[in-house]
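# Architecture and fold: a report
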Amino acid sequence: MTRLSWDEYFMEITRLVARRSTCLRRQVGALLVRDRQILTSGYNGAPSGLPHCEEVGCIRETLGIPSGERHELCRGLHAEQNAIIQAANHGVGVKGATLYSTTLPCVICTKMLINAGVVRVVYEDGYADPLAREMMTQAGILLKCMRGEAS
């Protein structure tokens, strides 16, 4: 058996985190890691204490909103947002961290990651948001796709 690389190791954990998601459309997991230590994790779902989409249904599905559009019309927070919020709630700085995510972040999450000081994003699946990729490139965030997709 071949030993996992650090990126493979953290991506495996990210996939496990995604399984906590309550989103009916896409389960996403995220980790913020620095110096090979997990700082925080997050998955997509409704804010704490509110009913989950699996309980009340999906607004986006009902309205027929395509993936990658109209992010404000959703009950859920994105996995990346929840990872950043967990860091803030627990007083954990994420400047210089790597984000591991099962999906390339959207433009809203990208802007948050840039301002949080994240320097690298390792992801598994692409996302229909070319502006996010462009902004990460402009900010000097290194991108690595674990599925061989051009990054």
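Residues numbered from 1 in each chain as written. Predicted model: local features only at pLDDT ≥ 70, side-chain atom pairs only at ≥ 80, totals over all residues. Heavy atoms only, no water.

Helix and strand counts for the chain come out as 6 helices and 5 strands. Along its sequence from the N terminus, the chain presents helices and strands in the succession α-β-β-α-α-α-β-α-β-α-β. On C-alpha atoms alone, the chain measures out to a radius of gyration of 15 Å, which is about the 15 Å that the 2.2 N^0.38 rule sets for 151 residues. For the chain, the spread of C-alpha atoms along the three principal axes comes to 40 × 35 × 30 Å. Within the chain, buried positions represent 40% of all 151 residues. Taking the intrachain contacts of the chain between residues at least 6 apart in sequence as the baseline, contacts between residues at least 24 apart amount to 53%. Total accessible area on the chain is roughly 8,400 Å²; 52% of this is exposed by carbon and sulfur atoms. Charge separation in the chain, taken as the distance between the mean sites of 17 positive and 15 negative side-chain charges, equals 4 Å. (Helix = DSSP H or I, 4+ residues; strand = E, 2+ residues; numbered from the N terminus. Rg over C-alpha atoms; globule rule 2.2 N^0.38 Å. Buried < 20%, exposed > 50% of the residue type's maximum accessible area, 1.4 Å probe, protein only. Contact = heavy atoms within 4.5 Å. Areas by Shrake-Rupley, 256 points an atom, 1.4 Å probe, with all protein chains shown as cover. Lys, Arg positive; Asp, Glu negative; His and termini not counted. Charge placed at Lys NZ, Arg CZ, Asp CG, Glu CD.)

Packing of helix α5 (residues 107–116) against helix α6 (residues 130–138) brings their axes to within 8 Å, and their N-to-C directions diverge by 15 degrees. Looking at the two axes, α5 sits roughly parallel to α6. The element α5 and its partner α6 pack so that their crossing is right-handed. Here Val107, Thr110, Lys111 and Ile114 of α5 lie close against α6, whose contacting residues are Leu131, Ala132, Met135 and Met136. (Axes fitted to C-alpha atoms, helices over the stretch in contact; angles between N-to-C directions. Parallel < 35°, antiparallel > 145°, perpendicular 65-115°, else oblique. Left-handed = near helix turned anticlockwise from the far one by under 90°.)

Estimates place the volume of the largest pocket at around 380 Å³. Forming the boundary of the largest pocket are 28 residues, of which Cys23, Arg26, Asn44, His78 and Tyr127 lie nearest the centre. Elements supplying a minimum of two residues to the lining of the largest pocket: α3 (59–63) and α4 (79–89). Of the residues in the lining of the largest pocket, the class split is 14 nonpolar, 9 polar and 5 charged. Within this model, the second largest pocket holds a volume of roughly 290 Å³. Along its surface, the second largest pocket is lined by 14 residues, and Tyr43, Ala46, Ser48, Asn82 and Gln86 are the ones closest to its centre. Top contributing element to the lining of the second largest pocket by residue count: α4, with 4 residues. Across the lining of the second largest pocket, the residue classes tally to 5 nonpolar, 9 polar and no charged. (1 Å grid on protein atoms, 1.4 Å probe; cavity = no way out; pocket = protein on both sides within 12 Å on 5 of 7 lines; lining within 4 Å. Points joined across faces, edges and corners; volume = space filled by probe spheres on them. Nonpolar A, V, L, I, M, F, W, Y, C, P; charged D, E, K, R; others polar.)

Once that is clear, we can look at the pattern of salt bridges. Taken as a whole, this structure holds 8 salt bridges when the rule is applied. Salt-bridge contacts for Asp7 lead to Lys144; the nearest nitrogen and oxygen are separated by 2.8 Å. Of this pair, Asp7 sits in helix α1 (residues 6–18) while Lys144 sits in strand β5 (residues 142–145); the two residues are 137 residues apart in sequence, bridging distant segments of the chain. When its relative accessible area of 33% is taken as the criterion, Lys144 is described as partly exposed. With its nearest N and O atoms 2.6 Å apart, the salt bridge here joins Glu72 to Arg70. (Salt bridge = Lys/Arg side-chain N within 4 Å of Asp/Glu carboxyl O.)

Quick look at the environment of Leu24 now. Note on placement: Leu24 falls in the loop between α1 and β1 (29–34). Along the backbone, Leu24 and Met1 are 23 residues apart, and their C-alpha atoms lie at a distance of 35 Å. Leaving out residues up to four positions away in the same chain, Leu24 has contacts with Cys53, Glu54, Gly57 and Cys58.

Function cannot be inferred from these measures alone, as they are strictly geometric.
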